[in-house]
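One letter stands for each residue in the lines below.
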Amino acid sequence: MTTTQDLRISVKNMSCASCVGRVERALSGLDGVSDVNVNLAAETVTFELDRPARIPDVTRALDAAGYPARTQTVRLNVSSMSCASCVGRVDKALAAVPGVLDVNVNLASETATVTYIEGAAELSDLLTAAGEAGYPAEPADSALPEERSARKEGEARDLARKTVFAATLALPVFLLEMGAHLVPGMHEMIGRTIGHQTSWTIQFVLTTIVLFWPGRHFYTKGFPALLKGAPDMNSLVAVGTGAAYLFSVTALFAPALLPEASRAVYFEAAAVIVVLILLGRWMESRAKGRTGAAIQKLLGLQARTARVLVDGEPRAVAIERIRVGDILVVRPGERIAVDGEVTEGSAHVDQSMITGEPVPVAKVEGDPVTGGTVNGTGSFRFRATRVGADTTLAQIIRMVEQAQGAKLPIQGLVDRITLWFVPAVMALAAVTVLVWLLVGPSPALSYALVAGVSVLIIACPCAMGLATPTSIMVGTGRAAEMGVLFRKGDALQQLTSVDVVALDKTGTVTQGRPELTDLVLADGFERAEILALVAAVEAQSEHPIAEAIVRTAKAEGAARFNVEGFTSYAGYGVQATVSGREVLVGADRLMAREGLSIEALADAERRLAEQGRTALFAAVDGKVAAVFGVADPVKAASAAAIAALHDLGLKVAMITGDKKATAEAIARETGIDHVIAGVLPDGKVAALDGLRGDGQQVAFVGDGINDAPALAHADVGIAIGTGTDVAIESADVVLMSGDLRGVVNAFEVSTRTMRNIRQNLFWAFGYNVALIPVAAGVLFPAFGLLLSPVLAAGAMALSSVFVLTNALRLRRVRPIMDEARASDRDASASPSPTPVAAE
């Protein structure tokens, strides 16, 4: 019997009645969809669906029609996750909620990021699904970061107390049982004093307390999960220790039920296993806290109060009460509360915690300042321009949190394996017990118990689940401290596959602030007149070249004219009427398009190109009047950064609108391998396709403003920010520093993080592959060796701690390039002006 479901979802882009009709037609034609009703005013569509599995068909149909469903993304804190199998089960439970489009569960941060269709699913549905799966969840935003940090510290302290208490009780158990086997004469001494039956009784009492007080979590979580058919790490521990405990209890209180040769107790195994696993979890908890150190450090940059002018007097105000437009007062040594613009005074501000640059930056009236940075000398006032969640620091924290919660492609295989790993281990343990019972030596039952428990304990997949997310958390956090923000987590892995780094020129390789260096006139024209006319036109443009010409005209006191009919031709130039005269300014291709001859100034243009200048022509009333030479200085660190990219085995290309001769002048100065010149703004995407060649991966580095298509089209888009502009939607990676050193550091962090992940995965999988057979007893026939469950528990705990400790090494990653190195490499070559084009 099919039960239909009524759904109501929000839809974007509907603006008129025809939109309503298109949405209705798009959905009415789908199988299983009926009774479609579109509400234009509410921008919603309601319909009946025969089964939830068809929801993706609905979203695809709406996307194809141009009216995509509105989606929400929520981040949940998930409790009780202890291993990689838990990750798979939480993922599966959340993905099964109708309307959920994407789920990303992170064991290291104990979070889940879920994207769902508005209306088709609700937050409460997600929380219910997680809870019913045995993993209670809450919205991550429901607790302040400080509260979450305090909660994690509390969990670590609680685990520490349980570990100490359990160890205190387990130590006598261990000494009584193992001492009797290992210390000569101790077995006889116990028999002469308290007696072996009393010894076993003491072990029973102490072990019972250990298992059902500090260790009760393993049973309250493990057995219910097992009964649901979804066993996890807790199930392995519960079954393993429970089997050892029940066998021992039987040997103590009902020995007649066991063969005489098998009448032994394993209380010490059950007690010590619980202690070791608690110890491992405590160490994991402490290490997990350190993996989020970058976020905590960023949160620590936020000021709590600020001095705001109220009725002309500075008053201390909580940061939450600051509004856009408020005037704030900053004294020497104080932390700047929010983003803003200096209105009065001057100072040197330490921006190192935001940009990674150690040198304080001078700030004067009109300059931007960033919340979280520290005022050094001087005092000033500034107007708040961005507050709350809109500040640069808040955006950085969001980016880091998103990157830390990312699931890399390499993690997909791990998740698929670990989802079935625990059931496979339990089956293997059962087979191990059966084989020992059938072919094992006497006492076969004892050997079977030891081998089965060892297999269960040693195969806990904690290390597998932690291998990737812990490295991502630490690596991306350290990158943020270096001024490298991974907006999309998979870029961390994708960067390691890049073969070619393509650079935009203006603002990336060069400073983006060109200067007018030459003005060559045609016969019959005067400098003052042409400069005034051209400056009048260029004053209407926002391009850096225009600013250079206008600055020169102002400096020379050129006359000012009225401008009419201004038109910009992207990639060519501009045109306008200035005091009744038609003025064209642009590249030679603009002159050619207008049918104007540049022959009289061709030699001058050639000389400028040879000198590394960009040549722009000016025409007045249909005659070419002058050629301008404009240069844009190369950034101080560009040559050193490009050399460092070469050291990493990467090829470097530059894409520019300049002519080939002038572009090659920059390439010679900076060491760029390949130049693609004469490219119009809309041609950069095609240029990237050309660089891909035979399957090469390409990263594109641009300023993030006019390079959005290229940033999105590249395999990895890297945007160079300004220290305040970090919300660049087209980029995969955002660099807070303003030069190419950040690109080198991004590659370094990516390489080191992926190497760390591979090391962790090798250890996690290699550990299980190597030790599960040993635990099962493959060495016993040849060497008489059988792994103790206690040693199995120790090895299991050690594997997780190893993975976490290895990931924490990424906190020591240092920038592969710093200012000193850049300066040293550039010292041998004095920077010279280089060309700029209308890109």
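- As recorded in an unreviewed UniProt entry, the protein chain goes by the name Cu+-exporting ATPase, listed as coming from Roseovarius azorensis.
- Of the comments in the UniProt record for the protein chain, the one headed Sequence similarities (unreviewed entry) reads "Belongs to the cation transport ATPase (P-type) (TC 3.A.3) family. Type IB subfamily."
- Under the UniProt heading Subcellular location (unreviewed entry), the entry covering the protein chain gives this text: "Cell membrane".

**Some words on the overall build of the protein chain**
And then number 1: When helices and strands are tallied, the protein chain shows 31 helices and 30 strands.
And then number 2: Expressed along its principal axes, the backbone C-alpha trace of the protein chain runs to roughly 120 × 70 × 65 Å.
And then number 3: In the protein chain, which comprises 839 residues, the proportion classed as buried is 52%.
And then number 4: For the protein chain, the computed accessible surface area is about 35,600 Å², with 56% contributed by carbon and sulfur atoms.
And then number 5: Taking the average place of the 74 positive charges on the side chains of the protein chain and the average place of its 88 negative ones, the gap between the two points comes to 6 Å.

**Quick notes on the UniProt feature "transmembrane region" (unreviewed entry) in the protein chain**
And then number 1: Within this structure's numbering, the places UniProt gives as "transmembrane region" (unreviewed entry) are residues 164-182, 194-215, 236-258, 264-282, 417-439, 445-468, 761-780 and 786-808.
And then number 2: Across residues 236-258, helical content stands at 78% and strand content at 0%; the span's end C-alpha atoms are separated by 24 Å.
And then number 3: With 85% helix and 0% strand, the stretch residues 761-780 has end C-alpha atoms that lie 28 Å from each other.

**Overview of the packing of helix α28 (residues 741-776) against helix α30 (residues 789-808)**
And then number 1: Interaxial distance between α28 and α30 falls to 9 Å at its minimum, and their mutual angle equals 170°. The angle between α28 and α30 places the two elements in the roughly antiparallel class. Contacts between α28 and α30 involve Asn 756, Gln 759, Asn 760, Trp 763, Tyr 767 and Leu 771 on the former and, on the latter, Ala 792, Ala 795, Met 796, Ser 799, Phe 802, Val 803, Asn 806 and Ala 807.
And then number 2: Of the residues in the contact of α28 with α30, the class split is nine nonpolar, five polar and no charged.

**Section: the nonpolar core**
And then number 1: Ranked by size, the top nonpolar core spans 139 residues in total, and within it Phe 486, Ile 718 and Phe 747 carry the most contacts.
And then number 2: Counting residues per element, this core draws most heavily on α28, at 13 residues.
And then number 3: By size, the runner-up hydrophobic cluster in this structure holds 39 residues, among which are Val 534, Leu 596, Ile 598 and Val 624.

**Notes on a positive patch on the surface**
And then number 1: Positive charge collects at one region of the surface, where Arg 755, Arg 758, Arg 809, Arg 812 and Arg 814 lie side by side.
And then number 2: Assignment of secondary structure puts Arg 812 in the loop between α30 and α31 (819-826).

**Remarks on the UniProt feature "domain: HMA" (unreviewed entry) in the protein chain**
And then number 1: Residues given the UniProt feature "domain: HMA" (unreviewed entry) here are residues 5-70 and 72-138.
And then number 2: Across residues 5-70, the secondary structure splits into 35% helix and 29% strand, with the terminal C-alpha atoms separated by 19 Å.
And then number 3: When the span residues 72-138 is considered, its composition is 33% helix and 34% strand, and the gap between its end C-alpha atoms is 16 Å.

**What to know about the side chain of Ser 199**
And then number 1: Assignment of secondary structure puts Ser 199 in helix α7 (residues 196-212).
And then number 2: What makes Ser 199 buried here is its relative accessible area of 3%.
And then number 3: With residues up to four places along the chain from it excluded, the contact list for Ser 199 reads Leu 176, Ile 190 and Ile 194.

**Points about empty space enclosed by the protein**
And then number 1: Per the stated rule, a full pass over the model turns up two cavities of 30 Å³ or more.
And then number 2: Taken as a whole, the second largest cavity holds about 30 Å³ of empty space.
And then number 3: Together, Met 399, Val 400, Ala 403, Thr 476, Ala 480, Val 484, Leu 485 and Phe 486 line the second largest cavity.
And then number 4: Mapped onto the lining of the second largest cavity, the elements with two or more residues apiece are α13 (392-404), α17 (462-481) and β17 (484-486).
And then number 5: Residues belonging to the lining of the second largest cavity are distributed by class as follows: seven nonpolar, one polar and no charged.

**Details of the packing of aromatic side chains**
And then number 1: Applying the stated criterion across every chain yields a total of 15 aromatic pairs.
And then number 2: Between the aromatic rings of Tyr 245 and Phe 267, the centroid separation amounts to 6.0 Å while the plane-to-plane angle is 70°, which identifies the pairing as edge-to-face. Of this pair, Tyr 245 sits in helix α9 (residues 233-253) while Phe 267 is found in helix α10 (residues 267-291), placing the two residues 22 residues apart along the sequence. A single burial state applies to Tyr 245 and to Phe 267, both of which are buried.
And then number 3: Note on Phe 380 and Phe 382: the rings are 6.1 Å apart at their centroids and 45° apart in plane angle, and the pair reads as tilted.
And then number 4: For Phe 380, a relative accessible area of 2% translates into the label buried.
And then number 5: An aromatic cluster is built from Phe 204, Phe 212, Tyr 219, Phe 223, Tyr 245, Phe 253 and Phe 267, whose rings are joined through pairwise contacts.

**Description of the environment of Val 453**
And then number 1: Topologically, Val 453 is positioned in helix α16 (residues 444-458).
And then number 2: Of the residues examined, Val 453 reaches a relative accessible area of 3% and is grouped as buried.
And then number 3: Each C-alpha atom, one on Val 453 and one on Leu 107, is 26 Å from the other, the two residues being 346 residues apart in sequence.

**Focus: the domain arrangement of the protein chain**
And then number 1: According to the domain assignment, the protein chain contains domain 1 (5-145), domain 2 (146-281), domain 3 (302-390), domain 4 (406-483 + 745-819), domain 5 (486-510 + 635-736) and domain 6 (515-631).
And then number 2: Averaged C-alpha coordinates put domain 2 and domain 5 at centres separated by 59 Å.

**Topic: the sheet that holds strand β2 (residues 33-39)**
And then number 1: With antiparallel pairing, three strands are arranged side by side in an open sheet as β1-β3-β2. With one partner strand each, in any of the chains shown, β1 (5-10) and β2 form the two edges of the open sheet. The mean angle between the axes of side-by-side strands here comes to 15°, regardless of whether they run parallel or antiparallel.
And then number 2: Across six bridges, β1 lies against strand β3 (residues 44-49) in antiparallel orientation. In the strand pairing of β3, Asp 6 is matched with Glu 48.
And then number 3: Across the face of the sheet, helix α1 (residues 17-28) comes into contact with β2 and β3 while running at roughly 165° to β2.

**Concerning helix α23 (residues 602-610)**
And then number 1: Within the sequence span of α23, burial applies to Ala 604, Glu 605, Leu 608 and Ala 609. With its buried residues spanning 140° around the axis, α23 presents them on a single face.
And then number 2: Buried residues in α23 make contact with β19 (515-521), α22 (588-593), β23 (614-620), β24 (623-633) and α25 (660-670).
And then number 3: Two residues or fewer after α23 comes Gly 612, characterised by a positive phi angle close to 85°.

**Here we look at the sheet that holds strand β11 (residues 339-345)**
And then number 1: Strands sit in the order β9-β8-β10-β16-β11-β14 across an open sheet of six strands; the sheet is antiparallel. The outermost strands of the open sheet, each flanked by one partner alone, are β9 (313-318) and β14 (368-369).
And then number 2: Bridging between β11 and strand β16 (residues 380-386) involves six bridges; their strand directions are antiparallel. Opposite Asp 339, over in β16, you have Arg 386 as the bridge partner.

**Points about the pattern of salt bridges**
A side chain with one charge may pair with a side chain of the opposite charge, provided their charged atoms come close.
And then number 1: One pass over the full model with this rule turns up 20 salt bridges.
And then number 2: Salt-bridge contacts for Glu 515 lead to Arg 551; the nearest nitrogen and oxygen are separated by 3.3 Å. With Glu 515 in strand β19 and Arg 551 in helix α21 (residues 544-555), this pair connects stretches of sequence that are 36 residues apart.
And then number 3: Here Glu 529 ties to Arg 581 by a salt bridge, and the two come within 2.4 Å at their closest N and O atoms. Of the two residues, Glu 529 is situated in helix α20 (residues 527-538) and Arg 581 in strand β22 (residues 581-586); the sequence distance between them amounts to 52 residues.

**Here we look at the environment of Ala 129**
And then number 1: With respect to the helices, strands and loops of the structure, Ala 129 is situated in helix α4 (residues 123-132).
And then number 2: Considering only alpha carbons, one finds Ala 129 and Ala 96, 33 residues apart in sequence, at a separation of 8.4 Å.
And then number 3: Those residues in contact with Ala 129, other than ones at most four positions away along the chain, are Ala 93 and Val 97.

What counts, and where the lines are drawn
Residues numbered from 1 in each chain as written. Predicted model: local features only at pLDDT ≥ 70, side-chain atom pairs only at ≥ 80, totals over all residues. Heavy atoms only, no water. UniProt positions renumbered as here; feature names shortened; annotations may be inferred. Helix = DSSP H or I, 4+ residues; strand = E, 2+ residues; numbered from the N terminus. Buried < 20%, exposed > 50% of the residue type's maximum accessible area, 1.4 Å probe, protein only. Areas by Shrake-Rupley, 256 points an atom, 1.4 Å probe, with all protein chains shown as cover. Lys, Arg positive; Asp, Glu negative; His and termini not counted. Charge placed at Lys NZ, Arg CZ, Asp CG, Glu CD. Axes fitted to C-alpha atoms, helices over the stretch in contact; angles between N-to-C directions. Parallel < 35°, antiparallel > 145°, perpendicular 65-115°, else oblique. Contact = heavy atoms within 4.5 Å. Nonpolar A, V, L, I, M, F, W, Y, C, P; charged D, E, K, R; others polar. Core = buried A, V, L, I, M, F, W, Y, C linked by side-chain atoms within 4.5 Å. Patch = residues over 30% accessible without salt bridge, like charges linked within 9 Å, V, L, I, M, F, W, Y side chains within 5 Å. Salt bridge = Lys/Arg side-chain N within 4 Å of Asp/Glu carboxyl O. 1 Å grid on protein atoms, 1.4 Å probe; cavity = no way out; pocket = protein on both sides within 12 Å on 5 of 7 lines; lining within 4 Å. Points joined across faces, edges and corners; volume = space filled by probe spheres on them. Phe/Tyr/Trp six-rings, centres within 6.5 Å; stacked < 30°, edge-to-face > 60°. Domains from an automatic or database assignment. Pairing = 2+ DSSP bridges. Arc of directions from axis to C-beta.

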